[in-house]
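Next come the chains, spelled out residue by residue.
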Amino acid sequence: MKHLIIFGPPGSGKGTVSEEVGRVYGIPHISTGDLLREHVSKKTTLGMKAKKYMDRGELVPDELVNEILEDALSREECRRGFILDGYPRTVAQAEELERILSKLGLHIDWVINLNVSEDEIVKRLSTRRVCKVCGAVYNLVTNPPKAEGVCDRCGGALILREDDKPEVVRTRLQTYVKMSAPVLNYYVAKNKVLDIDGSGDVATVRARVLRALEEKSVAKQH
Ligand code: AP5
């Protein structure tokens with residue numbers, strides 16, 4: 001029951017919900033966006049290749065993302081479950097995921113699809129700030145740091161992500177509609193999608209997600 005994908009447009013709250021659900025279930029949160037940003041900040045060859053796509057709000061080529069994903073999923077801790085955030089983003093990635101998981105004797109249980117209006121997305125992304133050092137995520141309106149511009153967790157500086165600038169957000173939203181929405185149909189056809197209302201505060205969205213997973217778990221036992 002705990003091999004999960006969280007799906008939804010940029011800024012819909014995937015990272016935030018994944019952290020919460022991961023904590024409750026004791027499973028790792030694997031975000032390809034975070035893994036790519038780590039490569040970029042370490043200036044690895046893969047990071048340097050990925051950066052130009054990320055800065056423009058476009059998808060990084062499948063072969064680069066698939067490589068980091070397979071590495072992450074092969075970790076021992078993923079055997080008890082995981083929550084995948086930001087992958088798959090194309091139908092080719094969904095097929096690749098199936099191949100990787102079948103090698104590991106695993107399969108996806110549920111795809112949590114967060115529905116949030118475009119107005120709310122633009123609001124959330126323009127007010128998001130992230131720690132330059134540890135990557136912790138804040139929101140100036142809904143989850144501000146204790147001291148302005150400083151990470152509560154590590155004291156690092158809080159910044160606006162390069163790809164949260166309004167012109168890049170627009171491209172990311174277009175890319176999502178064009179490339180990633182078909183991925184949802186792929187999982188709808190497999191009866192794996194749980195549609196969740198992603199509006200409201202974090203506690204409300206978290207409760208909706210946990211309730212939906214709980215209902216599926218109870219239904220499976222009967
Ligand atoms: P990635 O990092 O995955 O970006 P994304 O999908 O655009 O999603 P975000 O991280 O922007 O938002 P989120 O949904 O996690 O929202 P969050 O929880 O932070 O990818 C970045 C780039 O990497 C891509 O553009 C692409 O180039 C590349 N990439 C990554 N994966 C790839 C792949 N598989 N293939 C190819 N390329 C790939 O929340 C947003 C804000 O809202 C925060 O401030 C948060 O505090 C706040 N918030 C969250 N929930 C709530 C709530 N319920 N109420 C109020 N505020 C909330």
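Everything discussed here concerns the structure shown above.
Keep in mind the model is a prediction, meaning the values are calculated, not measured.

A. Summary view of the overall build of the chain. Along its length, the chain carries eight helices and eight strands. For 222 residues, the compact-globule estimate of 2.2 N^0.38 gives 17 Å, and the chain sits close to it at 17 Å. Its C-alpha atoms give the chain principal-axis dimensions of about 50 × 40 × 35 Å. Taking all 222 residues of the chain together, 46% fall into the buried category. Residue pairs in contact within the chain that sit at least 24 positions apart in sequence constitute 69% of those at least 6 positions apart. Summed over its atoms, the accessible surface of the chain is roughly 11700 Å², and 52% of this surface lies on carbon and sulfur atoms. Between the averaged position of the 35 positive side-chain charges in the chain and that of its 32 negative side-chain charges there is a distance of 2 Å.

B. Examining the site of the ligand more closely. Every one of the 35 residues lining the ligand counts as a neighbour, but T16, E58, R89, R128 and R172 are closest to it. Contacts to the ligand include R89, whose side-chain N or O atom sits 2.5 Å from an oxygen atom. Taking G200, its main chain carries an N or O atom lying 2.9 Å from a nitrogen atom of the ligand. The protein chains hide 96% of the 1000 Å² of surface that the ligand would expose on its own. Sorting the residues of the shell around the ligand by element identifies α1 (14-25), α2 (32-41), α6 (118-126), β6 (137-139) and α8 (202-221) as the ones contributing at least two each. Sorting elements by how many residues they give to the shell around the ligand places α2 first, with four residues.

C. Spatial organisation of the packing of α2 against helix α4 (residues 62-73). Closest axis-to-axis distance for the α2/α4 pair is 10 Å, and the angle between their directions is 105°. For the element pair α2 / α4, the angle class is roughly perpendicular. Two secondary-structure elements touch here, α2 through T32, L35, L36 and H39 and α4 through V65, I68, L69 and A72. In the contact of α2 with α4, the residues fall into six nonpolar, two polar and no charged.

D. Representation of the environment of Y53. Considering the arrangement of structural elements, one finds Y53 in helix α3 (residues 45-56). Accessibility expressed as a relative area gives 23% for Y53, which makes it partly exposed.

E. A look at the packing of helix α5 (residues 91-103) against helix α7 (residues 166-188). Direction vectors running N to C along α5 and α7 enclose 45°, while the axes themselves pass 8 Å from each other. The orientation of α5 with respect to α7, classified from their angle, is oblique. Contacts from V91, A94, E95, L97 and E98 in α5 reach P182, V183, Y186 and Y187 in α7. In terms of residue class, the contact of α5 with α7 is made up of seven nonpolar, no polar and two charged.

Criteria and cut-off values
Residues numbered from 1 in each chain as written. Predicted model: local features only at pLDDT ≥ 70, side-chain atom pairs only at ≥ 80, totals over all residues. Heavy atoms only, no water. Helix = DSSP H or I, 4+ residues; strand = E, 2+ residues; numbered from the N terminus. Rg over C-alpha atoms; globule rule 2.2 N^0.38 Å. Buried < 20%, exposed > 50% of the residue type's maximum accessible area, 1.4 Å probe, protein only. Contact = heavy atoms within 4.5 Å. Areas by Shrake-Rupley, 256 points an atom, 1.4 Å probe, with all protein chains shown as cover. Lys, Arg positive; Asp, Glu negative; His and termini not counted. Charge placed at Lys NZ, Arg CZ, Asp CG, Glu CD. Near = heavy atom within 4 Å. Polar contact = N/O pair within 3.5 Å; in protein donor to acceptor, adjacent residues only side chain to side chain. Axes fitted to C-alpha atoms, helices over the stretch in contact; angles between N-to-C directions. Parallel < 35°, antiparallel > 145°, perpendicular 65-115°, else oblique. Nonpolar A, V, L, I, M, F, W, Y, C, P; charged D, E, K, R; others polar.

Note that all results are geometric; they support no functional claim without further evidence.
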